[in-house]
Amino acid sequence: MKAYINNIAHPIIQGETILDFVRRIEDRNAIPTMCQDDRLENFGSCRVCSVEVARQKDGITKTMASCHTPVANGQYIYHNTDKMKRLRKNIVELILTDYPSDKIFAPDDKIPTEFQKTIAQIGIPNIRYPKGDNHLDIESDRAHPYIKSDLSQCINCYRCVRACEEIQGEMILNMSGRGFATNIIKGFDTTFDESACVSCGACVQTCPTEALTDTYETKTLIADKTVRTTCTYCGVGCQLDVSVIDGKIRGIQAPETAEVNEGHTCLKGRFAFQFYDHPDRLREPMIKKNGKFEIVTWNETYDFIATKLIQIKNKYGVDAIGGISSSRATNEENYLMQKMIRVALGTNNIDGCARVCHAPTAFGMQQAFGTGAATNSVEDLKDTDAIFLFGANPVKGHPVTGAKIKQAFMKGVTSIVVDPVKTKLADLATHFLQVRPGTNVAILNMIAHYIVTENLVNQDFIDTYTDKYNDFKDHVIDLDMDELSELTGVDKDVVKAAAIAYAKADRAMEFHGLGVTEHFQGSKTVMLLSNLAMMTGNVGRKGVGLNPLRGQNNVQGAADMGVQPHQGAGYLDVNDPKIQQYYAEKYGIAKMPEKEGLKIPDMLDAAIEGKIKALYIMGEDTIMTDPNSYHSIKAFENLELIVVQELFMTATSEMADVVLPASSYFEKNGTFTNGERRVQRVNKVIEPIGNTKPDGQIIIDMMHKLGYDQPTGLTYDAANIIEEIADVIPFMKGLTWEGLGTNGLQWPIKEDGTDTKMLHIDGAFKKGKGTFHHFDFEESPEIVEHGANYPFILTTGRELEHYNSGTMTRRTDNQSILSKDYLEVNPRDAKIKGITDEDIVRIFSDRGSVNIPVKISKNVKKGILRTTFHQPEVFINIITGSVGDKETMTPEYKVVAVDFEKV
Ligand code: SF4
């Protein structure tokens, strides 16, 4: 199959447009374009990309928009004829009649916009028509902290409108008016900040002029350098191009070549970077003397910590020391942290913030499949027939993946949402199961029951690749659907329809979030989700699987690196003498600690009992983020030494004896692993601020002070640490700094450097056969013990604008977009309590009380409350409880027995 460019034959690729074809054969600029963007559906409105096409050599030609005309066998394409040049010039001439004349050329201190480049490519036309005034008079909009518009420069290409819809799925931007008077509107509002815009910046990035820009004017900046790195916020792991001028970060764009985010980000990744040089950044090491922090030298700080740790070790034994590592830090830093605690100090008391989020995912999936990580890749969304979203609101928590899921929902994929809150995605879903918080096991048992009774199981898959299905089947078949329907609050017919839809899809993908894991039965819920995938054969193929939406940027990586008390780097069991020997040889020491360590909740209890005397914390605000804050405070008050490495003074670092100022992710090299097991490079953008050091450097310095010299040398170098990681972790054998390239690699990474997009292909489970488990629903002790006195169930979730405790996002303009936590209350409950919108209520539990403003919302059912936890003024964890997942102790943030009253 061949087509011809200027009478020369070239092979064509099925599905290509003429534009793609010519660009592939010649170069990207072979045909000028204006309304075309590779990330958007082809639109063909501007006609600048027009070409002449004939059915035979030198035959009669037709003029066609190359961007949306498929290339065909035998076509003769003439793309740069005089006629086409005149046509393009004429189109631009018409546009320039209503375009500011001082914006036709870029000034010397700016990069030309795409439109300015197009004008230069086509040639400046003589403007023969009368000047229009339809756009020139539109007032600029500068009210939004990040996005501004100057519609005098709008050329009506619709790219922003299409990006808003096709990339973000929001449809905030639209076109109003006709002909020359057509212009952009922001919903029914006049400004971005009044509209429902989610500030993702997709419109800004695609706009080919300066009609839409960010307040940093990133796309026209002449930067000293632009460095590609990985976003620090969520587990999506977006790639960012960071522009630097005079050592300062001046703007961020989303690289279109990034496999993860394909030229898109949310407002956190793109805009929320001002925290990095905020005046509140910790810049010097400090020791608390007589109750006040005093600045000291790094050496004094290290000596102080080492002396105290050795004293505690000698007096109380090594297990009186614990370490808490950070999912915000790099893999290399987490690896070093667990190594310091295990090797330089000699205890397995090392844990991380996976404990308060996805530990049940790792545990539950290990029980079912043998591997506790996402089975597939997010790109599989393009190849699935059904999406089953359970206990997650990715539109807010994982915005770029959320936008992709939203796109799929809007395009009509079978969609099932299980959530106690009516989220945006729930609104769009074909099946929404608004479940009572805490009854996840019950609803999954119902779904399984209907799949079995409707004969929709994949018996071949079950027989060939799994174990213990019959026990599970016998269990679910006998369950009383009426009873479970009453318990869950979801009509059994609604559950049945969802179960049938999931099971009938040829390829169904499951996604789950903290609405699954942060429960008393969290691990069990993960195992039941795994059952669903196995019983329907939705494992080991493209467009299927179980895909946990990992919360923090590197929560997957921290666990991979051994930040767990029971498994070392690479998930090897620290209780096994052979594994202890393996690590001892790799680390060059005589003996590894033999006793399994304590999880964070155990460490806090042990501190209260006087058994833990020192905590070394890297990048965690335990007091703010762990449940039952008074309990955590009591534990911390009982410690003899608290060391905290941090970017800012937090509730936890306020309680520390020593604070070590750490460098942010912009200031160091390393890697993060996203939710699809993709290890991606974090590249240093600027030098460390003030007297800060990367966490990895601080840990190496401390190891040295504690008598262990890190074999890779005394300087933290991510590439060297990666070499060591590849040597220790069996499934990362082929990992190298260079080999990661710009889009990273998904583990397992073979010795030759090839990576793995999908696990368990053809039923090849790591544990041999996939295992079915079965469980009955059990009411949470939180409800059993406190439900009578505290009749409302509080559940928690995130907002788009902030990240967890908000330490970073509160120090950016995101705070001006959303500055409060809210309590969502059903209108009927609000009426009973005599409460209206924005009233302040006191919400209280067995643990304490906090005041919070109210948002009346039908998104929650009667008897259910929802809140976020980003603002320290509210400190919601004062009221959350100590109940946790039975297997992993992950706190049950999603079921808190409370009551509330108007203040
Ligand atoms: Fe960063 Fe997540 Fe937003 Fe991507 S979606 S830019 S990783 S916060």
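Conventions used here
Residues numbered from 1 in each chain as written. Predicted model: local features only at pLDDT ≥ 70, side-chain atom pairs only at ≥ 80, totals over all residues. Heavy atoms only, no water. Pairing = 2+ DSSP bridges. Helix = DSSP H or I, 4+ residues; strand = E, 2+ residues; numbered from the N terminus. Axes fitted to C-alpha atoms, helices over the stretch in contact; angles between N-to-C directions. Near = heavy atom within 4 Å. Nonpolar A, V, L, I, M, F, W, Y, C, P; charged D, E, K, R; others polar. Parallel < 35°, antiparallel > 145°, perpendicular 65-115°, else oblique. Left-handed = near helix turned anticlockwise from the far one by under 90°. Contact = heavy atoms within 4.5 Å. UniProt positions renumbered as here; feature names shortened; annotations may be inferred. Salt bridge = Lys/Arg side-chain N within 4 Å of Asp/Glu carboxyl O. Buried < 20%, exposed > 50% of the residue type's maximum accessible area, 1.4 Å probe, protein only. Patch = residues over 30% accessible without salt bridge, like charges linked within 9 Å, V, L, I, M, F, W, Y side chains within 5 Å. Areas by Shrake-Rupley, 256 points an atom, 1.4 Å probe, with all protein chains shown as cover. Expected span 1.5 Å × (residues − 1). Arc of directions from axis to C-beta. Disulfide = S-S within 2.5 Å. Phe/Tyr/Trp six-rings, centres within 6.5 Å; stacked < 30°, edge-to-face > 60°. Core = buried A, V, L, I, M, F, W, Y, C linked by side-chain atoms within 4.5 Å.

**Q** Provide a residue-level description of the sheet that holds strand S21 (residues 508-512), including the pertinent values.
**A** Adjacent strands of a sheet form backbone hydrogen bonds with each other and so pair up, either parallel or antiparallel. Taken in spatial order, the five strands make up an open sheet running S19-S18-S17-S21-S22, and their pairing is parallel. Pairing within the sheet leaves two strands with one partner each, and these edge strands are strand S19 (431-433) and strand S22 (545-548). Within this sheet the neighbouring strands show an average axis-to-axis angle of 15 degrees, counted without direction. Here strand S17 (residues 386-390) runs beside S21; their pairing, made up of five bridges, is parallel. By the bridge assignment, Phe-388 is partnered in S21 with Glu-510.

**Q** Talk me through the site of the ligand; I want residue IDs and the actual numbers.
**A** Taken together, the neighbourhood of the ligand is formed by Cys-231, Tyr-233, Cys-234, Val-236, Gly-237, Cys-238, Thr-265, Cys-266, Lys-268, Gly-269, Pro-399 and Val-400. Among the elements of the structure, helix H6 (267-271) and helix H11 (399-410) are those that each provide at least two residues to the shell around the ligand. When its residues are assigned to classes, the shell around the ligand shows eight nonpolar, three polar and one charged.

**Q** Give me the packing of helix H2 (residues 82-96) against helix H3 (residues 114-122): which residues, what numbers.
**A** The contact between H2 and H3 brings their axes to 10 Å, and the two run at 135 degrees. Accordingly, the angle class assigned to the pair H2 and H3 is oblique. You can see that H2 and H3 cross each other, and the crossing is left-handed. Touching Arg-88, Lys-89, Val-92, Ile-95 and Leu-96 of H2 are Phe-115, Ile-119 and Ile-122, all from H3. Partitioned by chemical class, the residues of the contact of H2 with H3 number six nonpolar, no polar and two charged.

**Q** Pulling in residues and values, what's your account of the UniProt feature "domain: 4Fe-4S Mo/W bis-MGD-type" (unreviewed entry) in the protein chain?
**A** Following the UniProt record, one finds the feature "domain: 4Fe-4S Mo/W bis-MGD-type" (unreviewed entry) at residues 224-280. With 9% helix and 33% strand, the stretch residues 224-280 has end C-alpha atoms that lie 26 Å from each other.

**Q** Got a sec to walk through the pattern of salt bridges? Specific residues and values, please.
**A** When the charged atoms of two side chains with opposite charge come close together, those side chains can pair. Considering all chains together, one arrives at 56 salt bridges under this definition. Between Asp-37 and Arg-159 there is a salt bridge whose closest N-O contact spans 3.9 Å. Placement of Asp-37 in the loop between helix H1 (18-25) and strand S3 (50-54) and of Arg-159 in helix H4 (residues 159-166) is noted, with a sequence separation of 122 residues between them. A single burial state applies to Asp-37 and to Arg-159, both of which are buried. When the shortest N-O distance is used, the salt bridge between Glu-609 and Lys-611 registers 3.0 Å. Of the two residues examined, Glu-609 and Lys-611, each falls in the exposed class. Salt bridges sharing common partners tie together Asp-37, Arg-39, Glu-114, Arg-159 and Glu-256.

**Q** An account of a nonpolar patch on the surface is needed here, citing residue identities and associated values.
**A** Taken together, the side chains of Leu-94, Tyr-129 and Phe-180 define a hydrophobic patch exposed on the protein surface, amounting to about 280 Å² of accessible area. Residue position: Phe-180 is located in the loop between strand S7 (173-176) and strand S8 (183-186).

**Q** Pulling in residues and values, what's your account of the side chain of Lys-599?
**A** As for its position among the elements, Lys-599 is in the loop between helix H21 (577-587) and helix H22 (600-608). Setting aside residues no more than four positions away along its own chain, Lys-599 makes contact with Asp-351, Arg-355, Pro-565, Glu-887, Thr-888 and Met-889.

**Q** Provide a residue-level description of helix H19 (residues 522-535), including the pertinent values.
**A** An α-helical turn contains 3.6 residues, so any two residues separated by three or four positions project in the same direction. Relative to the 20 Å expected for 14 residues at 1.5 Å per residue, H19 spans 20 Å between its end C-alpha atoms, a close match to the ideal helical length. For H19, the tally of buried residues reaches 14 of 14 residues, placing the bulk of the element in the interior. Gly-537 lies just past H19 and shows a positive phi near 70 degrees.

**Q** So what about helix H7 (residues 298-316)? Which residues, and what values?
**A** Across its 19 residues, H7 extends 27 Å between first and last C-alpha, which sits within 8% of the 27 Å expected from 1.5 Å per residue. Among the residues of H7, those classed as buried are Trp-298, Thr-301, Tyr-302, Ile-305, Ala-306, Leu-309 and Ile-312. For H7, the arc enclosing every buried residue in end-on projection is 130 degrees, short of the 170-degree limit, so these residues lie on one face. Across from the buried face of H7, at angles greater than 90 degrees, the exposed residues are Asn-314 and Lys-315. Following H7 by one or two positions, Gly-317 has its phi on the positive side, about 95 degrees.

**Q** Describe the state of the cysteines, naming the residues involved and giving the relevant values.
**A** Tallied over the full model, the rule gives zero disulfides. Here Cys-46 is not disulfide-linked; the sulfur of Cys-35 is the nearest cysteine sulfur, at 3.7 Å. The structure places no disulfide on Cys-164, whose sulfur is separated from the nearest cysteine sulfur, that of Cys-200, by 6.7 Å.

**Q** Outline the sheet that holds strand S35 (residues 896-902), supporting the account with residue identities and numerical values.
**A** On the basis of which strands lie adjacent, the closed barrel formed by six strands has the order S30-S34-S31-S33-S32-S35 and mixed pairing. Each neighbouring strand pair of the sheet contributes to a mean axis angle of 45 degrees, computed without reference to strand direction.

**Q** Which residues make up the packing of aromatic side chains, and what values do they have?
**A** Inspection of the entire model under this criterion finds 27 aromatic pairs. Ring geometry for Tyr-571 and Phe-731: centres 6.1 Å apart, planes at 25 degrees, overall stacked. Residue Tyr-571 is found in the loop between helix H20 (555-560) and H21, and its partner Phe-731 is found in the loop between helix H27 (718-728) and strand S28 (745-746); the two are separated by 160 residues along the sequence. Just as Tyr-571 is buried, Phe-731 falls in that class too. Plain terms: the ring middles of Phe-731 and Trp-747 are 4.3 Å apart, the flat faces sit at 35 degrees to each other, and that makes the pair tilted. Linking Phe-731 in the loop between H27 and S28 with Trp-747 in the loop between S28 and strand S29 (770-771), this pair joins segments that are 16 residues apart in sequence.

**Q** Would you mind going over the packing of helix H8 (residues 331-345) against H27 in detail, with residue names and values included?
**A** Where H8 contacts H27, the two axes come as close as 9 Å, and the packing angle between them is 65 degrees. Taken as a pair, H8 and H27 cross one another with a handedness that is left-handed. Here Asn-331, Glu-332, Tyr-335, Leu-336 and Lys-339 of H8 lie close against H27, whose contacting residues are Ala-718, Ile-721, Ile-722, Glu-724, Ile-725 and Val-728. Partitioning the contact of H8 with H27 into residue classes produces seven nonpolar, one polar and three charged.

**Q** Describe unusual backbone geometry, listing the residues and the values that go with them.
**A** The omega torsion of the bond from Trp-747 to Pro-748 falls at 0 degrees, within 30 degrees of zero and hence cis. Along the chain, Pro-748 falls in the loop between S28 and S29. Its identity as a non-glycine residue notwithstanding, Lys-468 has a phi of 65 degrees, on the positive side. When you line up the elements, Lys-468 lands in the loop between strand S20 (466-467) and helix H15 (469-477). Look at Lys-468 and you get exposed, because its relative accessible area is 53%. Within the chain, Glu-838 stands out as a residue other than glycine whose phi angle is a positive 75 degrees. Relative to the assigned elements, Glu-838 resides in the loop between helix H30 (827-833) and strand S32 (840-844).

**Q** Any chance you could break down the side chain of Ser-327 for me, citing the residues and the numbers?
**A** Inspection of the secondary structure puts Ser-327 in the loop between strand S15 (321-325) and H8. What Ser-327 contacts, discounting residues up to four positions off in sequence, is Cys-353, Ala-354, Gln-552, Asn-553, Asn-554, Val-555 and Ala-558.

**Q** Lay out the environment of Thr-423 in plain terms, naming residues and giving numbers.
**A** Position of Thr-423 relative to the elements: it lies in the loop between strand S18 (414-418) and helix H12 (424-428). The class of Thr-423 is buried, set by a relative accessible area of 6%. Spatially, the C-alpha atoms of Thr-423 and Arg-678 are 28 Å apart, while their sequence positions differ by 255 residues.

**Q** Outline the nonpolar core, listing residues and values.
**A** Among the nonpolar cores identified, the biggest contains 64 residues, and Leu-309, Met-340, Tyr-587, Tyr-616, Met-732 and Leu-735 are the most heavily contacted of them. Those residues in contact with Met-732 that lie beyond four places of it in its chain are Asp-560, Met-561, Val-679, Ile-725, Ala-726, Trp-747 and Ile-749. Cys-164, Ile-167, Cys-200 and Val-685 belong to the second-largest nonpolar core, a separate cluster that totals 56 residues.

**Q** How would you explain the environment of Met-1 if you had to name every residue and give the values?
**A** Tracing the sequence through the fold places Met-1 in the segment before strand S1 (2-5). Judged by relative accessible area, which is 59%, Met-1 ranks as exposed. Each C-alpha atom, one on Met-1 and one on Gly-74, is 7.6 Å from the other, the two residues being 73 residues apart in sequence. With residues up to four places along the chain from it excluded, the contact list for Met-1 reads His-10, Pro-11, Ile-12, Gln-14 and Asn-73.

**Q** I'd like a description of the pairing of S17, backed by residues and values.
**A** Counted residue by residue, S17 has five buried out of five residues, so it is predominantly covered. With five bridges joining them, S17 and S18 adopt parallel strand pairing. Each bridged residue has a counterpart across the sheet, and for Ala-386 the counterpart in S18 is Thr-414.

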